Amino acid sequence: EPFYSLSLSVSLSLGLRGLVGLLSHFATKHNRAITLLASTTGDTGPAALRAVADIGNPLLTMMVSYPHGQISEFQRLQLTTIQSKHVRVVAFEGGGDDMDAPIKAILTTTVDNEEKETKREKASRRSSYSGVNSYNIGRPLMQTVHFIWTYLRVVEMEKNLTLRDEIDIVLPTGAMGNIASGYIAKRMGLPLRKLCSGCNINDITNRVTQTGKFYKSDTMFRTLTEAINIQLPYNFERLLFYLTDCNHDLLKQWMMAVEATGKLDLDSHWLSLLQKEFDSARVTDEEMCRTMVSINQTHGYFTDPHTALAIAAAHKMGYTYCTDDEKGSSGRPVWALLATASPCKFQEAVTVALGKDGWARYRDTGFPEQAEDITKKGQILPAFFKAEKGRLLEENQADWEKQIREIVKNLTSDTS
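Residues numbered from 1 in each chain as written. Predicted model: local features only at pLDDT ≥ 70, side-chain atom pairs only at ≥ 80, totals over all residues. Heavy atoms only, no water.

Concerning the overall build of the chain
Assigned secondary structure in the chain consists of 16 helices and 11 strands. At 21 Å, the chain has a C-alpha radius of gyration in line with the 22 Å of a compact globule built from 416 residues. Taken over the C-alpha atoms alone, the chain extends approximately 65 × 55 × 45 Å along its principal axes. Looking at the chain alone, contacts between residues at least 24 apart form 77% of all its contacts between residues at least 6 apart. Carbon and sulfur atoms make up 52% of the accessible area of the chain, which totals about 19500 Å². (Helix = DSSP H or I, 4+ residues; strand = E, 2+ residues; numbered from the N terminus. Rg over C-alpha atoms; globule rule 2.2 N^0.38 Å. Contact = heavy atoms within 4.5 Å. Areas by Shrake-Rupley, 256 points an atom, 1.4 Å probe, with all protein chains shown as cover.)

Regarding unusual backbone geometry
Although it is not a glycine, Asp-245 adopts a positive phi angle of roughly 55°. Structurally, the position occupied by Asp-245 is in the loop between α9 (236-243) and α10 (248-261). We note that Cys-246 has phi near 65°; this positive angle belongs to a residue other than glycine. Positionally, Cys-246 belongs in the loop between α9 and α10. Given the relative accessible area of 30%, Cys-246 is considered partly exposed. (Buried < 20%, exposed > 50% of the residue type's maximum accessible area, 1.4 Å probe, protein only.)

Topic: the sheet that holds strand β4 (residues 127-131)
Spatial ordering of the open sheet is given by β4-β1-β2-β3-β11, a layout of 5 strands whose pairing is parallel. Both edges of this open sheet fall to β4 and β11 (383-385), since each of them pairs with a single strand only. Averaged over all adjacent pairs, the angle separating strand axes in this sheet is 25°, with direction ignored. (Pairing = 2+ DSSP bridges. Axes fitted to C-alpha atoms, helices over the stretch in contact; angles between N-to-C directions.)

Points about the packing of aromatic side chains
Taken as a whole, this structure holds 11 aromatic pairs when the rule is applied. Between Phe-302 and Tyr-362 the ring centres are 5.3 Å apart and the planes differ by 50°, which places this aromatic pair in the tilted class. Here Tyr-362 lies in helix α14 (residues 347-365) and Phe-302 lies in the loop between α12 (285-299) and α13 (305-316), a separation of 60 residues in the sequence. Per residue, the accessibility class of Phe-302 equals that of Tyr-362, and both read buried. Across the ring face of Phe-367, the terminal group of Arg-363 is positioned such that the distance to the ring centre comes to 3.9 Å. (Phe/Tyr/Trp six-rings, centres within 6.5 Å; stacked < 30°, edge-to-face > 60°. Lys NZ or Arg CZ within 6 Å of the ring centre and 35° of its normal.)

Brief notes about the nonpolar core
Membership of the largest hydrophobic core comes to 38 residues, with the highest contact counts inside it found for Phe-147, Phe-236, Leu-240, Trp-254 and Leu-266. If you list the elements that add at least two residues to this core, you get α6 (138-157), β5 (167-172), α7 (177-187), β6 (192-199), α8 (204-211), α9, α10 and α11 (268-277). Excluding residues that lie within four positions of it along the chain, Phe-236 makes contacts with Met-176, Val-208, Phe-214, Leu-266 and Leu-274. Grouped together as the second largest cluster of nonpolar side chains are 32 residues, Val-170, Ala-312, Ala-314 and Cys-344 included. (Core = buried A, V, L, I, M, F, W, Y, C linked by side-chain atoms within 4.5 Å.)

What about the sheet that holds β6?
Within a sheet, neighbouring strands are paired by backbone hydrogen bonds and run either parallel or antiparallel to one another. With parallel pairing, the 4 strands of this open sheet are ordered in space as β9-β6-β5-β10. The open sheet is flanked by β9 (278-282) and β10 (335-337), the only strands paired with a single partner. In this sheet, neighbouring strand axes are inclined to one another by 20° on average, regardless of whether the strands run parallel or antiparallel. When β5 meets β10, the two strands line up parallel, connected through 3 bridges. Counted as the bridge partner of Val-170 is Leu-337 from β10.

Looking at the side chain of Ser-84
Checked against the element boundaries, Ser-84 lands in the loop between α3 (73-80) and β3 (87-92). Classification of Ser-84 as buried rests on a relative accessible area of 16%. At 3.1 Å, the side chain of Ser-84 and the backbone nitrogen of His-86 are in polar contact. (Polar contact = N/O pair within 3.5 Å; in protein donor to acceptor, adjacent residues only side chain to side chain.)

This is the structure in structure tokens:
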């Protein structure tokens, strides 16, 4: 359960808190303002925004966007109840990935301009942008500690394991940031056998793992596990980079194909190597709900929907529970599962699975005090970006990019 933190999610437990702290440090060191940009379908936005607000560095500001109606009510409250002049929140009409292009355009334009600058121009420039979604290498690097810590705890608990024995780890997977962290840890020498993804019906990660077909879907389906609703997980590029032993040329060829067509077909050689390192399973909302009920009835344990999905995926991949007498004798690999968020953030999903009485029991017995405090705070309404009907997505995205630039301009002016 690496989610005991101010954001009640795995993201702030370590990854974003450390990353934002480092960015703040270097902003001060170089006396250069940094504006952080993120689009969130779950925990990244609330976690990063909380970290920026807590640090309170006038040189560090942030704008977070989220798809209107596609994050949980509690996650929305986490965004809109933060009182800080250093942050702004935007809601937009569209799917979870629709704001990626405008943010990427702003970030890449900045990089292109920086490459053309002279040393004197770079020294005199007083501001820059940075992304904090898990494509920022700081996130997966920080989150390797989750896997190292988990491995050490498993070895500590399992008397038949030594520090050289391998284990498997299962976790819910969206943009593949946590899986990338685990793979980096494995490449560093952590004894992990397989890293296993639980995916919802937006299942590109499962499809590429099982078939080698990395095809972007035309549709983003609404699910009860909204934080992992992803059409094109950007950290897959990072996994391929390490899987190919850092073959830049091959990776560039693959990613150019994805950018041009939305598709990549891994041949049998690369698929075999991928499946040696990773496994996956696809889980529907109905299967996730049944698992949440079963875990609650059997163990009295309340899970968030993403953790329940990962448990259901683990069962599909053949992982089972062992009694104390069976440990070490079943021939099955020892495995651990990362629970990535508190159930307090997902009232709708918990209520669908356990009913109103189930949610009431959780509120009475397990609802965190810090979550209760958030529900009582005043809110600051977010800006709202409409998707004009009859226009192409790219046309709306171009307008959103302009609006983001204006918000950021005003944000940095207000804090200077």
